[in-house]
Structures are given as structure tokens and as C-alpha cells.
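Structure assessment
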Amino acid sequence: MKIIHCPKGHGPMAPKEVRKKKTFKGVDIEYKADLFVCPVCGLEAGTVQTAGAVQCAIADSYREKVGLLTSREIKSLRETKGLTQNQLADAMNVGIASVKRWETGLVQSKSMDQALRIALECNTHSDNYTGNRKMNLPRIKLVAVTLERKLGRRLLKVGDKFLFLAKYLWYADMLAFRHLGKGLTGASYAALPYGPQLNNYRDLVKPIKDANGNDAEPLSDEELRIIDKVAKRFPNDEDVYKAAHQEEIWKQLPTGALIPYSRAGELTGI
Ligand SMILES: [Zn+2]
């Protein structure tokens, strides 16, 4: 391996794995970088080779957070399927250069991610419809109660069919997925005529009301901030109802279809 000397004259620098934080495409990420570090002054330096690896690590960390396939995943899924880069490119109707770039760190668009998943037949359906979480009734209750506290009014009313609560939950779950790579509740949402609604909500009304929020994993500060943002953005039921009905990701889906979390970036109401 190439030896790098500290430019401040402290002699050779040592290769070291360094944990880094960064904001990439508006998302806070953490990644590991193999760098050279001066044992005397702590100065960090990279090489052309490490720069490429660092770019890839940043891209993959970002993809993990926003729910896109990583370079590693694309490559290993392609190899598992026994496809060459050329064959995958043909299957997707793109140039081989695109496949090469995705496998070395260029972040694919959401639509290309969908096309990749189809071509690679990777079944991430359940994740994409539950926001990378397991459906958890106490968590739904906890988020609902937290929303109520921030709004200063009841959402879980007697005889309520979650007409408004579901939209609050939907925005909170989608926003959490967008910023944290993970929803809050693991709930699936269906595009129904009155807007996004908890899938199978009829069967969920009573279990959610009966659930105990204290049984759920407590909300992190980041998650609380997201709920706070939703409550502030939509102070009244009409606000959340109106906004949800203007969302393309609800409008474009046929009645009853599940709304993928991967489209959280397309929300316009928040
Ligand atoms: Zn030094």
C-alpha cells in the first residue's frame, strides 16, 4: 500500500477506519471511511482509491436511509440471479454504463430503483408498504396519543373511523420514512375514496383504541420532532384532510391499492 506522509512533517500516516457524519441530498447520514491519519496531529488524508470508496460509502448510507437499493445490494442481487451487468441493463432497457455507475455509488432515481427491484425480482414489498418496520398496535396508539397531545384535542373519538387520525398518522409515517428511513408505526396505508387510510382500518379501530402506548418502543427525539411538525402543519382536521386529497401519490393509485413508502419524497402537503 502507498505510504502517505503528514504534510506537517510528522512522518508516515497510519491507515484507519474513520466514522464520519454528513448531510447528503438533505439527509443526515453516517458512514465509514478508510483514510490515512497522522498519529501526531490527527490530520486525515485520502487517496484517489479511498476517495472512490468514500463516495460509494456515502451513497450507500444515504440509500439505506431513504429505502433505495445500495450498490452492494444491486451487485449481489444481480450476481445471485446470475446476470451480467449487460443482461441487467438489457432487462431494464438502460445502458450498461448506468448499471456500472449504480454499482459504484451513483444514486439511482426512485423510478429506476423500482425498475431495478422488478428486474432483480427482489421482494421488498412488505418493507415498502410498512416503512421498514413491523406493524405495531401499541406504537400506533402511542403516535396517536402524542398527536392528540400536540394538537390539544382528541383524535380517537367514540365511533370514529379514523377518517382524520389516519391522515395524521400517514403524514407522520411517511415523513419519518423520508427523514429517518423508517416509519413510526409499521402501518400500511391504502388509497381509499376518502383519502389515505390505514389498510383494513375496520379491523383496526378497536385494537388500536384498546392498545396501550406504554407497551411500545418510546419515541426518539427525532420521531417526536416529526410528529410535532405534522401537528403544527395541520392544526385542524380540515387541513390534513385537504392536503392529503391533493397528494399525487394518493390520486394516482387505484382505489384500495397500498401506498408505497418509497414515494414519501413526493409529498407536497408537508
Ligand atoms: Zn501530522
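A short tour of the structure in this document, coming up.

Procedures and definitions
Position numbers for residues start from 1 in each chain and track the written sequence from start to end. With the structure being a predicted model, the display of local features is reserved for residues of pLDDT at least 70 and the display and counting of side-chain atom pairs for 80 or more, all residues being used for whole-chain, interface and lining totals. To get the side-chain values, all heavy atoms of the structure are used, and hydrogens and water are removed first. For the purposes of this entry, the term helix denotes a DSSP run of H or I that reaches at least four residues, the term strand denotes a run of E that reaches at least two, and both are numbered from the N terminus. By definition, residues are in contact when any of their heavy atoms lie within 4.5 Å. In short, Shrake-Rupley with a 1.4 Å probe defines the accessible areas, and a residue's cover is counted only from the protein chains shown. In this listing, donors mean N, O and S atoms no farther than 2.8 Å from the metal, or 3.2 Å for Na, K and Ca; water is missing from the atoms, so a site can look incomplete. Square planar and octahedral sites, with four and six donors, are those where opposite donors lie more than 155 degrees apart and all other angles lie between 65 and 115, tetrahedral sites have four donors with every angle between 85 and 135 degrees, and the rest are irregular. Only protein chains enter the accessibility calculation, which uses a 1.4 Å probe; a residue whose area is less than 20% of its type maximum is buried, one above 50% is exposed, and one in between is partly exposed. Two strands pair under a simple rule: DSSP has to find at least two bridges between them. Between N-to-C directions, angles span 0 to 180 degrees; the directions come from axes that are lines fitted to C-alpha atoms, helices contributing only their stretch in contact. Ring geometry is summarised as follows: Phe, Tyr and Trp rings, the Trp one being its six-membered ring, pair when their centres sit within 6.5 Å, and such pairs are stacked at plane angles under 30 degrees, edge-to-face over 60 and tilted between the two. The arc in question is formed by the directions pointing from the helix axis toward the C-beta atoms. The span expected for a helix works out to 1.5 Å for each residue beyond the first. By convention a nonpolar core is built from buried Ala, Val, Leu, Ile, Met, Phe, Trp, Tyr and Cys residues, the set being connected through side-chain atoms within 4.5 Å.

To continue, consider the overall build of the chain. Secondary structure summary: the chain contains 12 helices and 5 strands in total. Over its C-alpha atoms, taken along the principal directions, the chain stretches across nearly 75 × 50 × 30 Å. Partitioning the contacts of the chain with sequence separation of at least 6, the portion at a separation of at least 24 is 68%. Accessible surface, the chain: about 14,200 Å² in total, of which carbon and sulfur atoms supply 52%.

Let's shift gears to the coordination of the zinc ion. In the first shell of the zinc ion, the protein supplies C6 (SG), H10 (ND1), C38 (SG) and C41 (SG), at 2.1 to 2.3 Å from the metal. Classification of the site at the zinc ion as tetrahedral follows from its 4 donor atoms and the range of 104 to 113 degrees in their angles at the metal. One chain supplies every donor for the zinc ion, spaced along it as C-x3-H-x27-C-x2-C. Placement of the pair is C6 in the segment before strand 1 (14–24) and C38 in the loop between strand 2 (27–37) and strand 3 (44–45), with a sequence separation of 32 residues. Both residues of the pair, C6 and C38, belong to the buried class.

Turning our eyes to something else, we now look at the environment of L163. By the secondary structure assignment, L163 is in the loop between helix 7 (137–151) and helix 8 (165–180). Residues L163 and Q197 lie 34 residues apart in sequence; the distance between their C-alpha atoms is 7.2 Å.

This next bit is on unusual backbone geometry. Positive phi values are uncommon outside glycine, yet K25 reaches one of about 50 degrees. Inspection of the secondary structure puts K25 in the loop between strand 1 and strand 2. The class of K25 is exposed, set by a relative accessible area of 55%. Unusually for a residue other than glycine, F162 sits at a positive phi of about 65 degrees. Checked against the element boundaries, F162 lands in the loop between helix 7 and helix 8.

This brings us to the sheet that holds strand 1. Strand order across the open sheet formed by 3 strands is 1-2-3, with antiparallel pairing between neighbours. Strand pairing shows two members of the sheet lacking a second neighbour, strand 1 and strand 3, which therefore form its edges. Contacts from helix 1 (residues 48–66) reach strand 1 and strand 2, with the element oriented near 160 degrees to strand 2.

Counted by the stated rule, this structure contains 6 aromatic pairs. Ring geometry for F24 versus Y62: centroids 5.2 Å apart, planes at 75 degrees, classification edge-to-face. Remark: Y62 occurs in helix 1 and F24 occurs in strand 1; sequence separation between them is 38 residues. On the accessibility criterion, Y62 (11% relative accessible area) is buried. Taking 5.1 Å as the distance between ring centres and 55 degrees as the angle between the ring planes, the aromatic pair formed by W170 and Y171 counts as tilted.

The next point concerns the side chain of R117. Counting through the fold element by element, R117 comes out in helix 5 (residues 110–119). Judged by relative accessible area, which is 14%, R117 ranks as buried.

Once that is clear, we can look at helix 3 (residues 85–92). The α-helix winds at 3.6 residues per turn, so residues separated by three or four positions along the chain end up facing the same way. Within helix 3, burial applies to Q85, L88, A89 and M92. Burial along helix 3 is one-sided: seen end-on, the buried residues are contained in an arc of 100 degrees. Seen from the buried face of helix 3, the exposed residues on the opposite side, beyond 90 degrees, are D90 and A91. Looking at the buried side of helix 3, the elements it contacts are helix 2 (71–80), helix 4 (96–103) and helix 5.

On to helix 10 (residues 221–233). For helix 10, with 13 residues, the first-to-last C-alpha span of 18 Å sits near the 18 Å given by 1.5 Å per residue. Considered for burial, the residues of helix 10 that qualify are E223, I226, I227, V230 and A231. Viewed along the axis of helix 10, the buried residues span an arc of 135 degrees, placing them on a single side of the element. Residues of helix 10 that are exposed and point over 90 degrees away from its buried face: D221, R225 and K232.

Attention shifts here to the nonpolar core. Soluble globular proteins tend to pack their nonpolar side chains together in the buried interior. With 46 residues, the main nonpolar core has W170, Y171, L198 and V230 as its most contacted residues. When residues of this core are traced back to their parent elements, those giving at least two are helix 7, helix 8, strand 4 (189–192), helix 9 (201–210), helix 10, helix 11 (237–245) and helix 12 (248–251). Ranked by the residues each element gives to this core, the list is headed by helix 8, at 11 residues. Sequence-distant contacts of W170, defined by excluding residues within four places in its chain, comprise Y189, P196, A244, E247, I249, I259 and L267.

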